[in-house]
Amino acid sequence: MHKFWGTFLSLVFIIACKQENQKSTENSKEEKAITQIILPEKQYGFTLENFIVTQDTVRKGDSFGKLMQNNNVDYPKIAKVSEKYRDTFDVRRIRVGTPYLILKSKDSLEKAEVFVYQNDLINYTVVDFRDSVSVYKEKKQVKYVMREAAGVIESSLSEAILDQGIDYNVTNNLSDIYAWTIDFFRLQKGDKFKVIYKERYINDTIYAGAEPIEAAYFEHNGTPLYAFAYESDSLKNIVDYFDDEANNLRRTFLRAPVKFSRISSRYNLKRRIRYYGYKVRPHRGTDYAAPVGTPIMATADGTVTESTRKGGNGKYVKIRHNGTYSTQYLHMKKQKVKRGEFVRQGDVIGWVGMTGNTGGPHVCYRFWKNGRQVDPFKEKLPAAEPLPEDIRQDYFQYIGPQKVQLDCIEFPEKPGGDLLTLN
Ligand SMILES: [Zn+2]
């Protein structure tokens, strides 16, 4: 079956490459446009020139009430915000360092009429004091720009990627996708990669990070390996990466117990920590940083053997998968499963928290083999099931254009040279 598709698709590629290139030129015009910074007259839905505008960040000792009083807002209105709109905007929770905007009347009173609190790069909260008070949350418009990149490794993957001004998360993402199939500690000079992903831009101009990789190509030791992100109902809506023959790139275990996370610390028996005077403090787990409350998934089917709270581990769950392997998930905010319960791969077993010994919200994922903690990425584990026959056709149709696009990306002429993106 896939032989047929393979031949069929490669024919399409040859025909399509040129067209793709033309498309690239069109895209490049589009990309140039976004680098032109035009200061919008309208921000957060307000025409700024109608107001006296103050822009600042919350400082230590600031309170919402104080800020508003300093800007001549009547006390009853301030009280109304803090009492009636707590669900939308909890004034007691304003954070030091967060930017805000005050729009004041252009008369002698200079009264604050609007307060805009910038929760993060995308989300903001508006307090409108005109007429009766109103408070609401909004999102800035996010534009997604397709980006292609290719590189040849001179010393390290992260260097090859960073040299080209690509988001650090793309490196992380790429090594995560190939975590089971390529040993990233043994990359060779001359190994090559190509990636397709999207970048987020706010108001067309402000860079706000990279989306997960959609398609990738990695050539290690001269052996090519494709990867395509694919999600389907029959895969429990977990995004998995498959190669050009619909083989799963991961092993019987999920790569990570959390979606949309990054590895903040790897398994490392020789880890040295400044806090401990650079003494060796082995790290026998893989840390995945994610916000508090992020669901934690079982990485494989199994039976819960522990769901408890203990010392530095905090709240944790341990699952026995078979006679050889168990996995453990530390620092949970709360567990969702009890001892003795059977769980399936991908089931939520708890939520990311900060219980036990931890500097920030993350899940410390520990992989046990015959009673010893090992690095799962160094283990020879059986491959996960390839895509079921009934969704293969859909998969090959889906990856067809992406493979064309990947194949049409050229490597930089000089190793580690210029980035071959669309811009
Ligand atoms: Zn850890």
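Above this text sits the structure in question.
For every chain, the first residue of the written sequence is number 1, and numbering continues from 1 onward in sequence order. It should be noted that, the model being predicted, local features are given only for residues of pLDDT at least 70 and side-chain atom pairs only at 80 or more, the latter also being counted only at that level, while totals for whole chains, interfaces and linings use all residues. Just so you know, side-chain values use all the structure's heavy atoms and leave hydrogens and water out.

A. Representation of the overall build of the protein within the structure. What the protein contains, in helices and strands, is six helices and 25 strands. Throughout, a residue-residue contact means that at least one pair of heavy atoms, one from each residue, lies within 4.5 Å. Contacts in the protein between residues at least 24 apart in sequence constitute 64% of all its contacts with a sequence separation of at least 6. Working definition of accessibility: Shrake-Rupley area with a 1.4 Å probe, residue cover restricted to the visible protein chains. For the protein, the exposed area adds up to about 22,900 Å²; of that, 48% sits on carbon and sulfur atoms. In DSSP terms, a helix is any run of H or I states spanning at least four residues, a strand is any run of E spanning at least two, and both are numbered starting from the N terminus.

B. Up close: the sheet that holds strand 5 (residues 112-117). Strand pairing is defined by DSSP finding a minimum of two bridges between the two strands. Read across the open sheet, the five strands follow the order 3-4-5-6-7; overall the sheet is antiparallel. With one partner strand each, in any of the chains shown, strand 3 (52-57) and strand 7 (134-139) form the two edges of the open sheet. Mean inter-strand twist for the sheet, computed between neighbouring axes without regard to direction, equals 20°. Sheet topology places strand 4 (residues 99-104) next to strand 5; five bridges connect them, and they run antiparallel. When the bridges of strand 5 are listed, Leu101 appears paired with Val116. Note on geometry: axes are C-alpha line fits, over the in-contact stretch for helices, and angles between N-to-C directions span 0 to 180 degrees.

C. View of the pairing of strand 10 (residues 206-210). As paired strands, strand 9 (residues 192-202) and strand 10 are joined by three bridges and run antiparallel to one another. From the neighbouring strand, Tyr201 faces strand 10, where its bridge partner is Tyr207. Two successive antiparallel strands, strand 9 and strand 10, enclose a turn made up of three residues, where Asn203 displays a positive phi of approximately 45°.

D. Structural detail: helix 3 (residues 75-84). Only protein chains enter the accessibility calculation, which uses a 1.4 Å probe; a residue is then buried when its area is under 20% of its type maximum, exposed when over 50%, and partly exposed in between. Listing the buried residues of helix 3 in full gives Ile78, Ala79 and Val81. The arc that holds the buried residues of helix 3, viewed along the axis, is 155°, so those residues lie on one side. Projecting away from the buried face of helix 3 at angles above 90 degrees are the exposed residues Pro76, Glu83 and Lys84. Those residues of helix 3 hidden inside the fold are in contact with helix 2 (64-70), strand 6 (123-128) and strand 7. In this context, the arc is that of the directions from the helix axis out to the C-beta atoms.

E. Broad picture of the nonpolar core. One finds Phe253, Tyr288, Ile296, Val317, Ile319, Tyr329 and Ile349 to be the most contacted residues of the largest nonpolar core, which totals 27 residues. Of all the secondary-structure elements, those providing two or more residues to this core are strand 20 (314-320), strand 21 (325-335), strand 23 (348-352) and strand 24 (362-369). Ile296 has contacts with Pro257, Val258, Tyr329, Met332, Asp347, Val348, Ile349, Gly350, Trp351, Val352 and Val363, leaving out every residue within four places of it along the chain. Counting residues in hydrophobic clusters, the runner-up holds 24 residues, among them Ala149, Ile166, Ala210 and Leu249. Joining through side-chain atoms within 4.5 Å is the link that ties buried Ala, Val, Leu, Ile, Met, Phe, Trp, Tyr and Cys residues into a set, and such a set is a nonpolar core.

F. Region of interest: the pattern of salt bridges. When a carboxyl oxygen of Asp or Glu is within 4 Å of a side-chain nitrogen of Lys or Arg, the pair counts as a salt bridge. Evaluation of the coordinates by the stated rule reveals 15 salt bridges. The salt bridge involving Asp240 is made with Arg255; its shortest N-O contact spans 3.8 Å. Note that Asp240 is positioned in strand 13 (residues 240-242) and Arg255 in the loop between strand 13 and strand 14 (262-265), a separation of 15 residues in sequence. Judged on exposure class, the residue Asp240 and its partner Arg255 are both buried. The salt bridge involving Glu306 is made with Lys310; its shortest N-O contact spans 3.9 Å.

G. Focus on the pairing of strand 5. Buried residues dominate strand 5, accounting for five of its six residues. Hairpin connection between strand 5 and strand 6: a loop of five residues separates the two successive antiparallel strands.

H. Layout of the environment of Lys378. Along the polypeptide, Lys378 turns up in the loop between strand 25 (372-374) and helix 6 (389-408). Taking the relative accessible area as the measure of exposure, Lys378 reaches 46% and is therefore partly exposed.

I. Expanded view of the packing of aromatic side chains. The aromatic pairing rule takes the rings of Phe, Tyr and Trp, using the six-membered ring of Trp, and pairs them if the centres are within 6.5 Å, calling planes under 30 degrees apart stacked, those over 60 edge-to-face and the rest tilted. If you walk through the whole model with that rule in mind, you get 25 aromatic pairs. For the ring pair Tyr226 and Phe228, a centre distance of 5.9 Å and an interplane angle of 10° mean the geometry is stacked. Accessibility classification places Tyr226 together with Phe228 in one group, the buried group. Taken together, the ring pairs connect Phe64, Phe89, Tyr100, Phe115, Tyr117 and Phe129 into an aromatic cluster. We note Lys192 situated over the ring of Phe411; from NZ or CZ to the ring centre the distance is 5.3 Å. Whether a charge lies above a ring is judged from NZ of Lys or CZ of Arg, which has to be within 6 Å of the ring centre and within 35 degrees of the ring normal. A cation sits over an aromatic face here: Lys194 above Tyr217, 5.3 Å from the ring centre.

J. Molecular detail of the environment of Leu381. Considering the arrangement of structural elements, one finds Leu381 in the loop between strand 25 and helix 6. Along the primary structure Leu381 and Phe253 are separated by 128 residues, whereas in three dimensions their C-alpha atoms are 8.3 Å apart.

K. Representation of the environment of Gln335 in the model. Looking at the secondary structure, you find Gln335 in strand 21. A relative accessible area of 18% means that Gln335 is categorised as buried. Sequence-wise, Gln335 and Lys315 are 20 residues apart; in three dimensions their C-alpha atoms are separated by 7.1 Å. Other than its neighbours up to four places away in sequence, Gln335 contacts Ser307, Thr308, Arg309, Lys315, Tyr316, Val317, Ile349, Gly350 and Trp351. At 2.8 Å, the side chain of Gln335 forms a polar contact with the backbone oxygen of Thr308. A 3.5 Å cut-off defines polar contacts: any pair of N or O atoms within that distance qualifies, except that in protein one atom must be a possible hydrogen donor and the other a possible acceptor, and neighbouring residues in sequence count only when both atoms are side-chain atoms. A distance of 3.5 Å separates a polar atom in the side chain of Gln335 from the backbone oxygen of Tyr316.

Shape is all these values report; function is a separate question.
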